[in-house]
Amino acid sequence: MHAETTLNTIYRPVLIPKEQYAARQGSHSLTNEYSHALILDLFATQYKELIKVRTPRERLSDQQLDDLYTQWISEKNADLEGCWVYYPWSNRLLHILDQDEFIELRTARNRHKITLQEQNKLSQCKIGIIGLSVGHAIAMTLATERAAGSLRLADLDTLELSNLNRIKTGIHNTGLNKSVITAREIAEIDPYLDIECFTEGITTDNLHDFLTRNGKLNLLIDECDDFEIKLRCRDAARPLGIPVVMETSDRGLLDVERFDREPKRSILHGLLDDIPQERLQNISPADRVGLVMRISDVAKVSPRGRASLLEVGQSISTWPQLASAVTLGGGVVADVSRRILLGQFTDSGRYYVDLEQIVSNSSRTHDINVNSNITTNEFDVGRAINAVYSLPEIPVAVYLPKDHIESIVEAGSHAPSFGNTQPWKWIYCNGRLHLFHGNSRSLPFFEFKDIVTHFALGAAFQNVVIKSAELGYHASAQIFPANHAPDLIATIEFSPLAENRDEPSLAPLIPLRATDRTAGMPYKLTDTDLDFLRHAAPGVNARIDFIQEPASINVIAQIVGACDLLAMLHEQGHTDFFENTINWRSGTDEQIENGIELVRVARDPVHAMALSILKDKKIAGILQDIDGGNLLAGQIARTIAASACIAAISVSPDGNPFDAGRIVQNLWLRANKLGLSAEILYSPVILFERMESGDGLNAIEKDKIQRLSTLFKSIIKRPAGSGPVFLLRIHKSSTIATKTNRLALDKILFVVNDEI
Ligand SMILES: Cc1cc2nc3c(=O)[nH]c(=O)nc-3n(C[C@H](O)[C@H](O)[C@H](O)COP(=O)(O)O)c2cc1C
């Protein structure tokens, strides 16, 4: 590490005026004074090269150049020609050409890509660069090309070894301020360039100085990683008419904001215009991620970039950048800056200099566009009616009026279903209500042994029972499989009910019940609460355990987070979830009846952002390869851990998910009655069931699931041979969850008898 000395902060070379040197000639020579330094006299070589570039037609030989130089210097004292420059940080004394001649020679090979007039014009220009990681490459390119006469550099950061993956400098510079390093390296290329460093970085106090002191900047280049500074420097540059350029080293993203030509232009292309000023003035950490996503237009970030975004703070400590991208960015920004300063480029805009797209194989691979038009398998009503007619005829106790049929079926349709698939179709025929499995979306991964469907149909049936009781009927079901119609799940018969034994009168809560995926507030269930909840399973052979100890809840939360992630990264699980569960359409123009909108699936804005990144299968693939995605798993686990209890429902070994659905629905309504919210945690159930057969899982997945299952069993103990364990999380919510939309009644209910 560098010792704390002023030498660490020096970045200007000492230009020794000729007059001063001339006065000291003889008794006190300059070379004596700098005897401790490494002295390099480059003057003669540079002068000879100057002769050569000034006489391009002559094609002078080395001998001719020597002769011409000797002739020119013969009457002069060589030491008094040109300029002596001392570099304190490297202890070197150099003898070089005078400023004008030096610039003429150093830029000679820019001709005529940059004309002499243009070069002179650029020499008058001042450019400010904030952030000297990516800014280092830009500053070096600008200085090398001499696309400006003055550079103002701001960064408070010091160089670390891990920066050397993209900053081309020496390890001896680690520990030094990045703007100082850049300034020194520029001075070593061209000591006549005017450089000023702001080693404290940009602050509210020095921002105006940075933009205006010693002459207003002609261009500001923003390469800082501080979001607030990004906003502030634009807010300050706009009224001063200073254009802003920013390069993001991912897909060559370049932003140009011409505040010099468009004084009223919204900052950052208006991407934050709808966000109230107060929120931008006081940005919370949670908001910051969302805002960064928004300005970087996250959907257009490269797949590797997006995958990395989810890994920051998990498997990597910061956003990755490559030397190739940073070097390219340096070139792009220097080119664009020069053309802006010369008036050759006048537009504002966002551009991609995307090498992977420009230089790629001829057979292009296209980004996966997740299909938001969720498709469903059509239900064949005619065939279903025929199946109903072929059932044996039995006397009917009571015929229901049409409005009762409709309200009972509507109650049924308010049940939860995985991904809001609503897998139910109802046919009311000759006094009986037939429940079919129909019209559901294809979910090959999440639907295993019909668990998802039968669970949802059980929940729907439970609503039918509760609603019928409210209307004065007892509803009983005959559960099939019916060989002639495998999609006929149950036939429900009604009889008059002497009294409504549905004590807690849950019916009014049916249309209000909704999945609440938010984090809960601290809440302790009383024994009376638990007793009330426990009565959710009368008459059904099942067991409910309430896990209340925070440590155990936490373990289950971790298991669910890990299972959710595993399912989402699984090739088919990804399709099921991102293409056939989340409905990416949102808005008011169209009634969304299918799937779940992102805002409802997401537990909070960060979760929503993570899901929208992960919807690209390429990203899921990358995360699977690097065993990543733990941000998402952690986020899920954190909200689930904030629960009052987790109810573990297991039907008897010979029971089925239909019964589990009935209990969960009843339990959920009871929780609502107590003012509590709930959410089904399904991923462990499906993965543990799948693991038994190994169906569709690779060895790594099986191994992970095996470990999670063992952990699960250590918390929820069951006798060997028990059926699947369903989980309902119960929590005290600070918000009121709104319900996901349902299919219209005429799409799910078909009344075919003539009696009504
Ligand atoms: C078998 C089954 C599994 C479910 N799994 C989950 C789950 O893992 N995560 C989740 O957030 N919601 C899950 N749900 C809830 C559904 O997404 C939700 O019920 C559906 O979108 C309808 O919304 P609502 O409950 O607000 O009416 C599940 C529902 C069922 C029936």
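Residues numbered from 1 in each chain as written. Predicted model: local features only at pLDDT ≥ 70, side-chain atom pairs only at ≥ 80, totals over all residues. Heavy atoms only, no water.

1. Some points on the overall build of the protein chain
Next up, step 1: Helices and strands together make up the secondary structure of the protein chain, namely 28 helices and 22 strands.
Next up, step 2: Relative to the 2.2 N^0.38 estimate, which gives 27 Å for 756 residues, the radius of gyration of the protein chain is 37 Å and therefore markedly larger than a compact globule would have.
Next up, step 3: Counting every position in the protein chain, which comprises 756 residues, the buried fraction comes to 52%.
Next up, step 4: For the protein chain, restricting intrachain contacts to residue pairs at least 6 apart in sequence, the fraction spanning at least 24 positions comes to 74%.
Next up, step 5: Carbon and sulfur atoms make up 51% of the accessible area of the protein chain, which totals about 34800 Å².
Next up, step 6: Side-chain charges of the protein chain comprise 78 positive and 95 negative groups, with the mean position of each set lying 1 Å from the other. (Helix = DSSP H or I, 4+ residues; strand = E, 2+ residues; numbered from the N terminus. Rg over C-alpha atoms; globule rule 2.2 N^0.38 Å. Buried < 20%, exposed > 50% of the residue type's maximum accessible area, 1.4 Å probe, protein only. Contact = heavy atoms within 4.5 Å. Areas by Shrake-Rupley, 256 points an atom, 1.4 Å probe, with all protein chains shown as cover. Lys, Arg positive; Asp, Glu negative; His and termini not counted. Charge placed at Lys NZ, Arg CZ, Asp CG, Glu CD.)

2. Some words on helix 4 (residues 62–73)
Next up, step 1: For helix 4, which comprises 12 residues, the first-to-last C-alpha distance of 16 Å matches the rise-based estimate of 16 Å (1.5 Å per residue) to within 8%.
Next up, step 2: Buried within helix 4 are the following residues: L65, Y69 and I73. Looking down the long axis of helix 4, one finds its buried residues gathered within 55° of arc, a one-sided arrangement. Those residues of helix 4 that are exposed and aimed more than 90 degrees away from the buried face are Q63 and Q71.
Next up, step 3: Buried-residue contacts for helix 4 involve helix 3 (43–54). (Expected span 1.5 Å × (residues − 1). Arc of directions from axis to C-beta.)

3. What to know about the layout of surface pockets
Next up, step 1: In this structure, the second largest pocket encloses a volume near 880 Å³.
Next up, step 2: Contributions of two or more residues to the lining of the second largest pocket are made by helix 18 (451–471), helix 20 (550–569), helix 22 (598–601), helix 23 (605–614) and strand 20 (677–681).
Next up, step 3: Sort the elements by how many residues they give to the lining of the second largest pocket and helix 20 lands first, with four residues.
Next up, step 4: Of the residues assigned to the lining of the second largest pocket, the class counts are 24 nonpolar, 11 polar and nine charged.
Next up, step 5: Here the lining of the second largest pocket spans two domains, since at least three of its residues come from each of domain 3 (381–508 + 745–751) and domain 4 (518–731). (1 Å grid on protein atoms, 1.4 Å probe; cavity = no way out; pocket = protein on both sides within 12 Å on 5 of 7 lines; lining within 4 Å. Points joined across faces, edges and corners; volume = space filled by probe spheres on them. Nonpolar A, V, L, I, M, F, W, Y, C, P; charged D, E, K, R; others polar. Domains from an automatic or database assignment.)

4. Regarding the side chain of R166
Next up, step 1: Here R166 is to be found in the loop between strand 6 (150–154) and helix 8 (178–189).
Next up, step 2: Notably, R166 is buried but unbridged: the nearest opposite-charge side chain belongs to D225, and the N-O separation is 7.0 Å.
Next up, step 3: At 2.9 Å, the side chain of R166 forms a polar contact with the side chain of N165.
Next up, step 4: Excluding its chain neighbours within four sequence positions, the residues that come into contact with R166 are S133, Q321, L322, A323 and V326. (Salt bridge = Lys/Arg side-chain N within 4 Å of Asp/Glu carboxyl O. Polar contact = N/O pair within 3.5 Å; in protein donor to acceptor, adjacent residues only side chain to side chain.)

5. Details of the state of the cysteines
Here, the word disulfide means a covalent bond between the sulfur atoms of two cysteines.
Next up, step 1: Counting across every chain of the model gives zero disulfides.
Next up, step 2: No disulfide involves C563; its sulfur sits 19 Å from the nearest other cysteine sulfur, which is in C645.
Next up, step 3: Using a relative accessible area of 0% as the deciding quantity, one classes C563 as buried. (Disulfide = S-S within 2.5 Å.)

6. What about the packing of aromatic side chains?
Next up, step 1: The final tally for this structure, using the stated rule, is 21 aromatic pairs.
Next up, step 2: Centroid distance F577 to F578: 5.1 Å. Interplanar angle 90°. Geometry classified as edge-to-face. By the burial criterion, F577 is buried, and F578 matches it.
Next up, step 3: Joined through ring pairs, the aromatic side chains of F43, Y47, Y69 and W72 make up one cluster. (Phe/Tyr/Trp six-rings, centres within 6.5 Å; stacked < 30°, edge-to-face > 60°.)

7. Overview of unusual backbone geometry
Next up, step 1: Cis geometry marks the peptide bond from R111 to H112, where omega comes out at -5°.
Next up, step 2: Here H112 is to be found in the loop between helix 5 (99–106) and helix 6 (116–123).
Next up, step 3: One non-glycine residue, R251, adopts positive backbone phi at about 55°.
Next up, step 4: Structurally, R251 is set in the loop between strand 9 (244–247) and strand 10 (253–257).

8. Some details on the domain arrangement of the protein chain
It is common to give the size of an interface as the accessible area that goes away when the parts come together.
Next up, step 1: Along its sequence, the protein chain is organised into domain 1 (6–106), domain 2 (114–273 + 281–358), domain 3 (381–508 + 745–751) and domain 4 (518–731).
Next up, step 2: Computed from C-alpha coordinates alone, the two centres of domain 1 and domain 4 are separated by 75 Å.

9. Quick word on the site of the ligand
Next up, step 1: Contacts to the ligand come from 17 residues, most closely from R513, T515, R517, Y682 and R742.
Next up, step 2: Interatomic distance of 2.9 Å between a side-chain N/O atom of R513 and an oxygen atom of the ligand.
Next up, step 3: Y682 is positioned such that a nitrogen or oxygen atom in its backbone is 3.3 Å from an oxygen atom of the ligand.
Next up, step 4: Calculation on the ligand without its partners gives an accessible area of 620 Å², and the protein chains cover 94% of this total. (Near = heavy atom within 4 Å.)

10. Points about the sheet that holds strand 16 (residues 542–547)
Next up, step 1: Taken together, four strands build an open sheet; the order of strands is 16-19-21-20 and the sheet is antiparallel. The outermost strands of the open sheet, each flanked by one partner alone, are strand 16 and strand 20. Pairs of neighbouring strands in the sheet enclose a mean axial angle of 25°, with direction left out of account.
Next up, step 2: Direction of pairing for strand 19 (residues 645–651) relative to strand 21 (residues 725–731): antiparallel, over a ladder of six bridges. Opposite C645, over in strand 21, you have I730 as the bridge partner. (Pairing = 2+ DSSP bridges. Axes fitted to C-alpha atoms, helices over the stretch in contact; angles between N-to-C directions.)

11. Regarding the packing of helix 7 (residues 134–145) against helix 8
Next up, step 1: Following both chains from N to C, one finds helix 7 and helix 8 inclined at 20°, their axes separated by 10 Å at the closest point. Judged by the angle between their axes, helix 7 and helix 8 are roughly parallel. The way helix 7 lies across helix 8 gives a crossing that is right-handed. Across from H136, A139, M140, A143 and T144 in helix 7, the residues of helix 8 making contact are T182, E185, I186 and I189.
Next up, step 2: For the contact of helix 7 with helix 8, the class distribution of residues is five nonpolar, three polar and one charged. (Parallel < 35°, antiparallel > 145°, perpendicular 65-115°, else oblique. Left-handed = near helix turned anticlockwise from the far one by under 90°.)

12. A word on the pairing of strand 21
Next up, step 1: Burial analysis of strand 21 places seven of its seven residues in the buried class, the great majority of the element.
Next up, step 2: Burial along strand 21 is two-sided: V725, L727, R729 and H731 and F726, L728 and I730, pointing in opposite directions, are all buried.
Next up, step 3: Sheet topology note: the strand 20/strand 21 ladder contains five bridges and is antiparallel. The residue of strand 21 that forms the bridge with L681 is L727.

13. Quick word on the pattern of salt bridges
Next up, step 1: Inspection of the entire model under this criterion finds 36 salt bridges.
Next up, step 2: Residue D354 is joined to R251 by a salt bridge in which the shortest nitrogen-to-oxygen separation is 2.6 Å. On the criterion of sequence distance, the pair formed by D354 in the loop between strand 11 (349–352) and helix 15 (355–358) and R251 in the loop between strand 9 and strand 10 is long-range, its members being 103 residues apart.
Next up, step 3: Among the residues examined, R251 registers a relative accessible area of 23% and is labelled partly exposed.
Next up, step 4: A network of salt bridges, in which partner residues are shared, links E145, D335, R338 and R339.

14. Considering the side chain of E311
Next up, step 1: Relative to the elements of secondary structure, E311 occurs in helix 13 (residues 303–311).
Next up, step 2: If we ignore the near neighbours within four places in the chain, the residues touching E311 are I316, L623, I626, G628, G629 and N630.

15. Some points on the nonpolar core
Next up, step 1: Formed by 90 residues in total, the largest nonpolar core has its most connected members in L614, L667 and L727.
Next up, step 2: It is helix 20 that provides the largest number of residues to this core, a total of 11 residues.
Next up, step 3: Dropping the residues within four chain positions of it, L727 is found in contact with I556, V560, I646, A647, A648, E679, I680, L681, P684, F712 and I716.
Next up, step 4: In this structure, I129, A148, V256 and V326 belong to the second largest nonpolar core, which totals 38 residues. (Core = buried A, V, L, I, M, F, W, Y, C linked by side-chain atoms within 4.5 Å.)

16. What to know about the sheet that holds strand 14 (residues 473–479)
Next up, step 1: Spatial strand order, 14-15-13-12-22: five strands in an open sheet with mixed pairing. Among the strands making up the open sheet, the edge pair consists of strand 14 and strand 22 (749–751). Direction aside, neighbouring strands of the sheet carry axes that sit 20° apart on average.
Next up, step 2: Those strands touched by helix 16 (residues 381–389) are strand 12 (424–429), strand 13 (432–437) and strand 22, and its axis lies near 50° from that of strand 12.

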